[in-house]
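Structural overview
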Amino acid sequence: MDTRRKFVEEATRLATESVEKGWGGPFGAVIVRDGEIVGRGQNRVLLTGIPVFHAEVTAIIDACRRLNPKALLTSDDPAGTLLELIPREAGSSDPAPHRAKMLKGCEIYVNAAPCPMCMSAVYWARIDRVYFGASLEDARKIGFDDAHQYEDFAKPWDERRIEIVPEFERETCLEAFRAWERKSDRHPY
C-alpha cells in the first residue's frame with residue numbers, strides 16, 4: 001500500500017505544481033506499469049489554451065510516447081503501425097477478436113475523479129485500474145463541475161444541453177467507413 005500512496009502523492013505534486021505555475025487546474029496523474037511510473041501528466045489548459053490538456057490525457061500521451069513505438073508520428077515515418085495486438089478479454093461484447101494493446105497492464109493514479117473526457121481516454125487507452133482521491137463533488141465545490149456531463153451523456157441526442165444534429169450527411173460520411181472496411185491490413189484499436 002505504501003507504493004500506491006507514493007504514486008498518488010506524485011499525482012498531487014504535479015497537480016499542485018500546475019496551480020502554482022498558473023498552468024491549469026489542480027489536477028495531476030501518473031501512469032504506472034509493474035510498479036514504475038511510465039507517464040506523468042498535469043492540467044495544462046491555461047498554459048496551452050487547449051481545453052483537452054487535462055492531467056489524465058497528458059499522462060496517457062506521455063506513457064504512450066515512452067511505451068509504444070511511433071506514438072507521436074512525424075511526416076518522415078513510414079505508413080502502418082507497430083502496435084501489438086492482444087486478444088479481447090473473456091466475456092467482452094467487443095466484436096473484434098483482437099485490439100491494440102495500448103496501455104493494457106497499466107494503472108493510473110489521479111488526485112481527483114476523472115471528468116467524462118478523461119474517463120473515456122482511460123477506456124480507449126485500455127488502462128486496467130483507476131485510483132483517484134478527490135470526488136466529483138469535491139471538484140464541484142471549487143468550480144470544476146463535471147457531474148453534469150456524466151448526466152447529460154445519459155440523455156437521448158435531442159435532450160442534450162448542446163444541440164446535436166445526428167446523421168448529418170450520413171452517406172458522405174460513411175465513405176470513410178467503407179474505406180476502412182476495404183482495407184485488408186486494417187489494425188483494430
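Report on the accompanying structure.

Within the open sheet, the 4 strands sit side by side as S2-S1-S5-S6. Their pairing is mixed. Two strands bound the open sheet, and with one partner strand each, they are strand S2 (36-42) and strand S6 (129-134). Here the strands of the sheet are splayed against their neighbours by 15 degrees on average, with no regard to which way each runs. With 6 bridges connecting them, strand S1 (residues 28-33) and S2 associate as antiparallel partners. The partner of Val-32 across the bridge, within S2, is Ile-37.

In this section: the packing of aromatic side chains. Counted according to the given criterion, the structure contains 3 aromatic pairs. Taking 4.9 Å as the distance between ring centres and 90 degrees as the angle between the ring planes, the aromatic pair formed by Phe-27 and Phe-144 counts as edge-to-face. Here Phe-27, found in the loop between helix H1 (2-20) and S1, pairs with Phe-144, found in the loop between helix H5 (136-141) and helix H6 (147-153); they are 117 residues apart in sequence, far enough to count as distant. Through a chain of ring-to-ring contacts, three or more aromatic side chains come together here, namely Phe-7, Tyr-109 and Tyr-131. In this structure, Arg-44 packs its charged tip against the face of Trp-23, placed 4.4 Å from the ring centre.

Considering soluble globular proteins, one finds that nonpolar side chains tend to be buried as a cluster. Ranked by internal contacts, the top residues of the largest apolar core, which has 22 residues, are Ala-29, Ile-31, Ile-60, Leu-103, Ile-108, Val-122 and Ile-127. With 6 residues, the top contributor of residues to this core is helix H3 (residues 55-67). Contact partners of Ile-60, with chain neighbours within four places excluded, come to Ile-31, Leu-103, Ala-121, Val-122, Ala-125 and Ile-127. Ranked by size, the runner-up nonpolar core spans 5 residues in total, among them Phe-7, Leu-14, Val-30 and Tyr-109.

Reading guide: rules and limits
- Residues numbered from 1 in each chain as written.
- Predicted model: local features only at pLDDT ≥ 70, side-chain atom pairs only at ≥ 80, totals over all residues.
- Heavy atoms only, no water.
- Pairing = 2+ DSSP bridges.
- Helix = DSSP H or I, 4+ residues; strand = E, 2+ residues; numbered from the N terminus.
- Axes fitted to C-alpha atoms, helices over the stretch in contact; angles between N-to-C directions.
- Phe/Tyr/Trp six-rings, centres within 6.5 Å; stacked < 30°, edge-to-face > 60°.
- Lys NZ or Arg CZ within 6 Å of the ring centre and 35° of its normal.
- Core = buried A, V, L, I, M, F, W, Y, C linked by side-chain atoms within 4.5 Å.
- Buried < 20%, exposed > 50% of the residue type's maximum accessible area, 1.4 Å probe, protein only.
- Contact = heavy atoms within 4.5 Å.

Functional significance is not addressed by these values, which are geometric in nature.
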